[in-house]
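For reference, the chains in residue letters:
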Amino acid sequence: MMDKPLFLRDLWYYALPGGSLKPGQTIAKTLLNEPILLGRTQAGKVFALRDICPHRAVPLSCGRFDGTEVECAYHGWKFDAAGQCTAIPALTEDQTLDFSKFRVRSYPIREAQGNIWIYIGEQSPQDEPPQVPGFDTTYQAAVVMNFPTYLDHAVVGLMDPAHVPFVHRAWWWRADPTLAEEVKTFDPSPLGFTMRRHKLERSTFLYDLVGGDPEVEISFQLPGVRFEQVITKRHRVCNLTTMTPLNDTETEVTTLFYSTIPWFNLLKPFLLPLTRTFLNQDRDMVVKQKIGLQHNPGLMLIKDADTQARWYYQLKAEFARSQSEHRAFINPVKEQTLRWRS
Ligand code: FES
Ligand SMILES: [Fe+2]
């Protein structure tokens, strides 16, 4: 357990689903404790600026956005989508102030597959944001939920296999409530690990909808990105779940579905409430966990069932170490088979 919240920097974080940011709109959001103004120009380009006016600190989100430039509410300074100051209304015509040097910090941002990713750190990005494997299109369904807990507890809670039979009890998720032994092999993968593709021994109602004989592959990567692919002879469904820290005590969990099923949209009226119910069960548990965490107890991670959580902490520690030592990241995860009952 870390004593002090630590957010890894110089990584791509999930900012928000592209569909929730319309042309000409801005959204103020705190990410990793930083106030950020996310916006989309009338021309459709997304941008992210520090939500603090460099003149005298009024949040830019208090001002106006005309679809091209943001105007500060206090003295009307204007900034373009790159953060460049473009106007200072108080200047008289003969006053020559070179305000081209005035800028508000802008963050690298990308929009792909319907997702908006933001790069938070001090360096320029050396790579591109995570990609949903095998899909060029946008997501077909998205659920965003606020977990009132520090990032690590949200991440560990969502990757933890042993809670499933206790927290997620529902006919549509598990027809058979008895615990069974699971054996899964994991391999290291970029900034994380992957549960090797395997046949699902016990199917579920949701997986059956995708078609018979489903195979599943699940991968996790820093800072908090999880892909679950379900592959059948006929179709593929990919569920992307991202965890982005808003601040020390709140984490935004976003789960998005991609699929090759032509009638997938018909599923949405059922899938979305079920997904919300499912995530709410996880959320309820972190709320309960917070009651205990207030007293700062020690936490245990046991072998196998909690090994993925251990890997998460090891990945995080190694990432931070590689940065402070200015060297390449060395994945601490080795190929391993884990066994647990769930
Ligand atoms: S504080 Fe923003 S223009 Fe002065
Ligand atoms: Fe869960």
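Conventions used here
- Residues numbered from 1 in each chain as written.
- Chains lettered and ligands numbered in written order.
- Predicted model: local features only at pLDDT ≥ 70, side-chain atom pairs only at ≥ 80, totals over all residues.
- Heavy atoms only, no water.
- Helix = DSSP H or I, 4+ residues; strand = E, 2+ residues; numbered from the N terminus.
- Buried < 20%, exposed > 50% of the residue type's maximum accessible area, 1.4 Å probe, protein only.
- Polar contact = N/O pair within 3.5 Å; in protein donor to acceptor, adjacent residues only side chain to side chain.
- Contact = heavy atoms within 4.5 Å.
- Core = buried A, V, L, I, M, F, W, Y, C linked by side-chain atoms within 4.5 Å.
- Domains from an automatic or database assignment.

An unreviewed UniProt entry lists the chain under the name Aromatic ring-hydroxylating dioxygenase subunit alpha, from Leptolyngbya boryana CZ1.

Turning our eyes to something else, we now look at the side chain of K184. Assignment of secondary structure puts K184 in strand 12 (residues 181-189). By relative accessible area, which is 6% here, K184 ends up buried. A distance of 2.4 Å separates a polar atom in the side chain of K184 from a polar atom in the side chain of E182. Setting aside anything within four residues of it in sequence, one finds K184 in contact with M195, H198, E201, Q336, T337, L338 and W340.

Here T244 lies in strand 16 (residues 236-247). Accessibility expressed as a relative area gives 2% for T244, which makes it buried. A polar contact of 2.7 Å, which involves the side chain of T244, links it to the backbone oxygen of Y14. Residue contacts for T244: discarding those within four places in its chain leaves Y13, Y14, L31, E250, T251 and E252.

Let's shift gears to the nonpolar core. L38, I118, L222 and Y312 are the most contacted members of the largest nonpolar core, which totals 61 residues. When residues are assigned to domains, this core turns out to be shared by domain 1 (11-120) and domain 2 (141-341), each giving three or more. With residues up to four places along the chain from it excluded, the contact list for I118 reads L11, W12, Y13, A15, L31, I36, L38, A48, Y107 and P108. Formed by 14 residues, the second largest nonpolar core is a distinct cluster that contains L37, F47, C53 and V70.

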